[in-house]
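Understanding the architecture of this molecule
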Amino acid sequence: MNEELARQLCLKVIYGGELTPEETPVFESFVQTDTGQQYLSRSREMKDTLNNIASVELVAEDQSAMINRFENLLKQNAIESQKKFPLAVSLLIGPISVLLGISMLTQGWTGVTPLLVGVLAIFGFLAIVLWKHNQRLMNEENVYELMTASHIRSRELPSRVVALLMPVLPAILAGWGFYQFDGPESGMKYFTLCLVFTLGVTWLLTTISKNSSRSGDPEVWDWWQDGLKD
């Protein structure tokens, strides 16, 4: 439970606000706890005290306005990302492709080849997924529901398995290649190196993407994420 949100809902009720169907279960679950009862009681006492000093009016949050801001943020981010996409792909995949080409022309198929092919494969796949995702955001009418549903699906077991396999498969390919050329010790060594590399790059790209998405309107992005915790 998001306790901070639950406390805000207590104040909303105390000052005469109406809870939405999504907010009601959060409020009811909180006030059934000892902490919730104590907070509700103290808040009512504080309200009574404030009534003797000043009039306090509740400012209701306009959820539809927040949804519009969130959708505008995502669409604008998608547009900007598509503009920078060719350069980003060139910087990400270009050097590895050149290195792979030089290696194949000068040395043929070696133990390094599976490693480079695996890294290229995962980067290429990520680039395709990102491109399609941005295109869908730009054309989608209800971005809020799309993103919320996508986040829910990402918590499910099949999605978690796919996310796990993404960095593991290139590492397996690299480990197998070096195993064939140099034996088990070399295979395990390069499997580990490739796995660490792909995990690090995936984490880096995910972090950059998240920070970039949030930077345009941090308030509305945090509002959306807080709603996912309920």
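Regarding the overall build of the protein chain
A tally of regular secondary structure across the protein chain gives nine helices and zero strands. Whereas a compact globule of 230 residues would reach a radius of gyration of roughly 17 Å, the protein chain reaches 25 Å, over 25% beyond that. Considered along the principal axes of its C-alpha atoms, the protein chain spans approximately 85 × 40 × 30 Å. Out of the 230 residues belonging to the protein chain, those deemed buried represent 30%. Contacts spanning at least 24 positions in sequence make up 68% of the contacts within the protein chain whose residues lie at least 6 apart. Carbon and sulfur atoms make up 61% of the accessible area of the protein chain, which totals about 14,800 Å². Treating the 18 positive side-chain charges of the protein chain as one cloud and the 25 negative ones as another, the clouds have centres 6 Å apart.

Things to note about helix H8 (residues 184–215)
Here H8 contains 32 residues, and its C-alpha end-to-end distance of 46 Å stays within 8% of the 46 Å for a straight helix at 1.5 Å per residue. Among all positions of H8, only Ser186, Gly187, Cys194, Leu195, Thr198, Val201 and Ser213 are buried.

Examining the environment of Ser41
Assignment of secondary structure puts Ser41 in helix H3 (residues 34–51). Its relative accessible area of 37% is what places Ser41 among the partly exposed residues. Linking Ser41 and Ile14, residues 27 residues apart in sequence, is a C-alpha distance of 10.0 Å.

So, helix H7 (residues 157–182)
If you check H7, its first and last C-alpha atoms are 36 Å apart, about what 26 residues at 1.5 Å a residue would give, namely 38 Å. Residue Met166 marks the point of greatest curvature in H7, where the axis turns by about 35°; the proline Pro167 follows within four residues. All buried positions along H7 are accounted for by Met166, Pro167, Val168, Pro170, Ala171, Ala174, Gly175, Gly177 and Phe178. With its phi angle positive at about 105°, Gly183 sits one or two positions after the end of H7.

So, the pattern of salt bridges
One pass over the structure, following the stated rule, counts four salt bridges. For Glu23, the salt bridge is made with Lys12, and the minimal N-O distance between the two is 2.9 Å. Here Glu23, found in helix H2 (residues 23–31), pairs with Lys12, found in helix H1 (residues 3–14); they are 11 residues apart in sequence, far enough to count as distant. For the residue pair Glu23 and Lys12, the accessibility class agrees, reading buried in each case. A salt bridge links Arg69 to Asp217; its shortest N-O distance comes to 2.9 Å.

The rules we used
For every chain, the first residue of the written sequence is number 1, and numbering continues from 1 along that sequence. In keeping with the predicted nature of the model, local features appear solely for residues at pLDDT of at least 70, side-chain atom pairs appear and are counted solely at 80 or more, and the whole-chain, interface and lining totals rest on all residues. Note that the side-chain values use all heavy atoms of the structure and ignore hydrogens as well as water. Only DSSP runs of H or I reaching four residues or more are called helices, and only runs of E reaching two or more are called strands; each is numbered from the N terminus. This radius of gyration counts C-alpha atoms alone. The globule rule is 2.2 Å times how many residues there are, raised to the power 0.38. Buried means the residue's accessible area, taken with a 1.4 Å probe over protein chains only, is under 20% of the maximum for its type, while exposed means over 50%, and partly exposed covers the values in between. Residue contacts are defined here by distance: any two heavy atoms, one from each residue, within 4.5 Å place the two residues in contact. The protein chains shown are the only cover counted for residues, whose accessible areas, like all others here, come from Shrake-Rupley with a 1.4 Å probe. A positive count includes Lys and Arg, and a negative count includes Asp and Glu. His and the chain ends are not counted in either. Charge coordinates come from a single atom per side chain, which is NZ of Lys, CZ of Arg, CG of Asp or CD of Glu. Each helix should span, by expectation, one fewer than its residue count multiplied by 1.5 Å. In this analysis the local bend is the angle between axes fitted, respectively, to the seven residues ending at and the seven residues starting at the residue. Here, a salt bridge means any side-chain nitrogen of Lys or Arg that lies within 4 Å of a carboxyl oxygen of Asp or Glu.

What is shown is where atoms sit, not what they do.
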